[in-house]
Amino acid sequence: MRIGIPRALFYYLYYPFWKTFFEALGHQVILSNPTNKKILKDGLELAVDDACLPVKVFHGHVVDLKDKVDALYIPRIISIEPKEFICPKFLGLPDMIKSSIPDLPPIIDSDLSIYKNKRGFYEHAKSIGTKLGHTEKLTARAFRTALKKLNSYKKSQIIEERLPLDSGQKSFFEDYQSKNQNYGESALKVLLLGHPYNIYDNYISMNIIGKLQRYGVKVITPEIIPTQNLSAGSRYLNKKLFWTLGKNLIGSAYYYMDGGQPIDGIIHLASFGCGPDSIVGELLERKIARSRPVPFIRINIDEHSGEEGFNTRLEAFLDLIEGGSRR
Amino acid sequence: MECYLGIDLGSVSTNFALIDRYGKVIKKIYLRTAGRPIETIKNGLKMLREDLDSDIEIKGVGTTGSGRKLASVIVGADVVKNEITAHAVASLSQIPEVQTILEIGGQDSKIIILRDGVVVDFAMNTVCAAGTGSFLDRQAQRLGIPIELFGEIALKSKNPTRIAGRCAVFAESDMIHKQQLGYKVEDILKGLCQALVRNYLANVAKGKEIKPPVVFQGGVAANSGIKKAFEEELGMEVLVPEHYDVMGALGAAILAKKAISQNRQKKTNFYGFEAAFKEHRAETFECGGCPNLCEVVQIYQGDKLMARWGDRCGRWSQDVAV
């Protein structure tokens, strides 16, 4: 069976697992095209107005895929860390898609929640296996293979500091070439905070990573920071942040600021209409404004963003941090 | 005499600043862009040439503003810099102790925070242009007041009325309503100044620590009513530098001077004032290479392709070395 995976949202975190898992079950995985103008336009037209930009983009990817596949994989993701949640829009995603987009192939919308315990991940896989008519034995084997692959991928991502960036049609997972060039000791280091589906989608992020790298800046994102450092960083908060992605952002910032790690600047790329980001952004701003040890900028992206204004801010910010290092 | 030229190609105005080797402003020009950026640059070049002594030698050129790339293609620039850095550099050259820069231009407004002569933070207005120069222009026009007199009239007000300044559209309808109720023009204008300042401080300057000396620059700094409203709201003196209207251009000129002086061997890229008499035209086409359908802009000088931009992937812009 051809199973379609939209190149959006949690694709940037779980694609290594999904691809391996479906292939181990004997299916073919088909990805949507990298985000482009048409995908964005379709998403904007079809999604409900209240949705945030990345969710709208997801709609566009579904449109791009739906006629090329036998089934679409749109999991109902509730929680990806024990005792934590992700944004409720993910919970309603399969329903939003079903109600907004006509003529869809069957949708595999199994729940994924590991709020109570890590077994939830296996339960998720089992439910997919059952839906596709596989034996539990085969599903379990595919699950173990895929989990191993995901874990080894994540490990190498951190060790090699490899950002999950697609190059053209090729997925970040297939493209094994290390994209992190050799940065000298003197290279500026910038911590780029943002949800994976915003910062790694070259179209949506207006290629912020590529632009920074072209200036010779070493880009650090939460995905290449060791997990224990993220949780160490997020412990500085008075109250636990129960959104996993938000926690990762705050954890990264605190780890670099309080942990004495050298960093030249922090960029928070937030998307318009993101509820959790509005709070995370405020927390970051307060934390940084209090002592201002590190230059900080928040850039909001939305479907109307002009690239010119975006570049101006980015260039000015780099001028700012360069000026700071000369002092 | 050795000189450096700065050009700030903005949405509403295009400014030129010519400085000597000591950074002193010799000549400045403030022109309305009037939707024709290429023409305006050429007009500015012509005006410069007519006014200048023949012994002037342009050693370096810097461009800034939202049209900095276009300006660079037409005149041949040594430095192409974003307007935030340019404004900060210019301000520091005039008032070295500056800690806060309020800049309100034709369509954007910025705040730049400096400490010890270094930019530490900045912000720009995002999607909303309420309270920038073009809005003030339009309101002055609607009330039949020359924009130059706006501030002066506002300062006469004794009982400013409260205008809703959140949004330019609502501000306008609120002003019309206040007129219909019989408020005096000066009270409405003063109220508008206060509303714009409130809006600026609540949006652009949100969360920023404003410390003196505060410098107010950009075209809107000509408006004494807005300056006064800033002073009242902030409770501190607001300085308007002598060359407030061409600060971006001044900054670009200073940056060009710096770039050239760092490398004495380097010759300027400046095409000379003759650039003003060459024919330039811009053409656009839609690239069908992928579903992005980028609009690619091509700038020609005569038949020679000078620059291309607008493509996301670099397929077109890579072929042309600017």
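Student: Lay out the packing of aromatic side chains with the relevant residues and their values.
Tutor: A ring pair, where both rings are aromatic, is described by two values, the distance of the centres and the angle of the planes. Residue and element names in this part refer to chain A. Counted by the stated rule, this structure contains 30 aromatic pairs over all chains. With 6.3 Å between their ring centres and 65° between their planes, Tyr15 and Phe172 make a pair best called edge-to-face. Highlighted residues: Tyr15 in helix H1 (residues 11-24) and Phe172 in the loop between helix H7 (136-159) and strand S7 (189-193), separated in sequence by 157 residues. As far as the burial class goes, Tyr15 and Phe172 line up, both buried. Measuring from centroid to centroid gives 5.9 Å for Phe90 and Tyr197, while their planes differ by 55°, and the two rings are tilted. Of this pair, Phe90 sits in helix H4 (residues 88-91) while Tyr197 sits in helix H8 (residues 196-199); the two residues are 107 residues apart in sequence, bridging distant segments of the chain. One exposure class covers both Phe90 and Tyr197, and it is buried. Pairwise contacts between aromatic rings join Phe10, Tyr14, Phe17, Trp18, Phe21, Phe22, Tyr73, Phe90, Phe121, Tyr122, Phe143 and Tyr197 into one cluster. Between Lys287 and the ring centre of Tyr254, over which it is positioned, the NZ or CZ distance is 4.7 Å.

Student: So what about the domain arrangement of chain B? Which residues, and what values?
Tutor: Domain annotation of chain B identifies domain 1 (2-87 + 248-277), domain 2 (96-240) and domain 3 (280-319). A separation of 38 Å is found between the C-alpha centroids of domain 2 of chain B and domain 3 of chain B.

Student: Please provide a residue-by-residue account of the sheet that holds strand S5 (residues 107-108) of chain A, values included.
Tutor: Across a sheet, paired strands are connected by hydrogen bonds in the backbone, their directions being either parallel or antiparallel. Residue and element names in this part refer to chain A. One open sheet accounts for four strands, arranged S2-S1-S3-S5; its pairing is parallel. Lying at the two open borders of the sheet, with one neighbouring strand each, are strand S2 (28-31) and S5. As defined by bridge partners, strand S1 (residues 2-5) adjoins strand S3 (residues 71-73) across two bridges and the pair is classed as parallel. Residue pairing in the sheet places Ile3 in a bridge with Ala71 of S3. Its contacts with the sheet put H1 on S1, S2, S3 and S5, and the angle it makes with S2 is roughly 150°.

Student: Quick one: what's the story with the interface of chain A and chain B, residue by residue and with numbers?
Tutor: Listed by partner, the interface residues are 23 residues for chain A and 23 residues for chain B. Together chain A and chain B conceal approximately 2,000 Å² of surface at their shared face, both sides included; 48% is due to carbon and sulfur atoms. The interface formed by chain A and chain B contains three salt bridges. Residues B:Arg68 and A:Glu308 are paired through a salt bridge, measuring 3.8 Å at the closest nitrogen-oxygen approach. Scanning the region where chain A abuts chain B turns up nine residue pairs in polar contact (both at pLDDT 80 or more). Counting only elements with at least two residues in the side of chain A that touches chain B, the list comes to helix H2 (37-46), strand S10 (296-301) and helix H13 (307-326) of chain A. A per-element tally of the side of chain A that touches chain B places H13(A) first, with 11 residues. Here the side of chain A that touches chain B is composed, by residue class, of seven nonpolar, six polar and 10 charged.

Student: Go over unusual backbone geometry, please, and point to the residues and values.
Tutor: Each neighbour pair has its own omega, and for B:Pro212 with B:Pro213 the value is -5°, a cis peptide bond. Considering the arrangement of structural elements, one finds B:Pro213 in the loop between helix H7 (185-203) and strand S9 (214-217). Residue A:Met206 is not a glycine yet carries a positive backbone phi of 50°. Within the fold, A:Met206 resides in the loop between H8 and helix H9 (208-214). The backbone phi angle of A:Asn207 is positive, close to 55°, even though this residue is not glycine. Mapped onto the fold, A:Asn207 is located in the loop between H8 and H9. Given the relative accessible area of 24%, A:Asn207 is considered partly exposed.

Student: Outline the nonpolar core, supporting the account with residue identities and numerical values.
Tutor: The biggest cluster of nonpolar side chains holds 122 residues, and the ones touching the most others in it are A:Phe10, A:Trp18, A:Phe21, A:Phe22, A:Ile208 and A:Ile267. Those residues in contact with A:Trp18, other than ones at most four positions away along the chain, are A:Ile5, A:Phe10, A:Tyr11, A:Tyr73 and A:Pro75. Listed in part, the 38 residues of the second largest apolar core include B:Val120, B:Leu136, B:Ile210 and B:Ala229.

Student: So what's going on with the sheet that holds strand S12 (residues 295-301) of chain B? Which residues, and what values?
Tutor: Residue and element names in this part refer to chain B. Reading across the sheet, the three strands line up as S11-S12-S13 and stay open at both edges, with antiparallel pairing between neighbours. At either margin of the open sheet sits one strand with a lone partner, and together these are strand S11 (280-286) and strand S13 (304-309). The mean inter-strand angle of the sheet, taken between neighbouring strand axes irrespective of direction, is 25°. Two strands pair when backbone bridges link them, and S11 and S12 are joined in this way by seven bridges, in the antiparallel orientation.

Student: Explain the packing of H7(B) against helix H8 (residues 224-234) of chain B to me, and be specific about the residues and the numbers.
Tutor: All names here are of chain B. At their nearest, the axes of H7 and H8 sit 9 Å apart, and the two run at 55° to each other. What the angle tells us is that H7 and H8 run oblique. In this structure, H7 crosses over H8, and the sense of that crossing is right-handed. Contacts between H7 and H8 involve Lys190, Cys193, Gln194, Leu196, Val197, Arg198, Tyr200 and Leu201 from the former and Gly225, Ile226, Lys228, Ala229, Phe230, Glu232, Glu233 and Leu234 from the latter. When the residues that make up the contact of H7 with H8 are grouped by side-chain class, the tally is nine nonpolar, two polar and five charged.

The rules we used
- Residues numbered from 1 in each chain as written.
- Chains lettered and ligands numbered in written order.
- Predicted model: local features only at pLDDT ≥ 70, side-chain atom pairs only at ≥ 80, totals over all residues.
- Heavy atoms only, no water.
- Phe/Tyr/Trp six-rings, centres within 6.5 Å; stacked < 30°, edge-to-face > 60°.
- Helix = DSSP H or I, 4+ residues; strand = E, 2+ residues; numbered from the N terminus.
- Buried < 20%, exposed > 50% of the residue type's maximum accessible area, 1.4 Å probe, protein only.
- Lys NZ or Arg CZ within 6 Å of the ring centre and 35° of its normal.
- Domains from an automatic or database assignment.
- Pairing = 2+ DSSP bridges.
- Contact = heavy atoms within 4.5 Å.
- Axes fitted to C-alpha atoms, helices over the stretch in contact; angles between N-to-C directions.
- Buried area = accessible area lost by both parts, 1.4 Å probe.
- Salt bridge = Lys/Arg side-chain N within 4 Å of Asp/Glu carboxyl O.
- Polar contact = N/O pair within 3.5 Å; in protein donor to acceptor, adjacent residues only side chain to side chain.
- Nonpolar A, V, L, I, M, F, W, Y, C, P; charged D, E, K, R; others polar.
- Core = buried A, V, L, I, M, F, W, Y, C linked by side-chain atoms within 4.5 Å.
- Parallel < 35°, antiparallel > 145°, perpendicular 65-115°, else oblique.
- Left-handed = near helix turned anticlockwise from the far one by under 90°.

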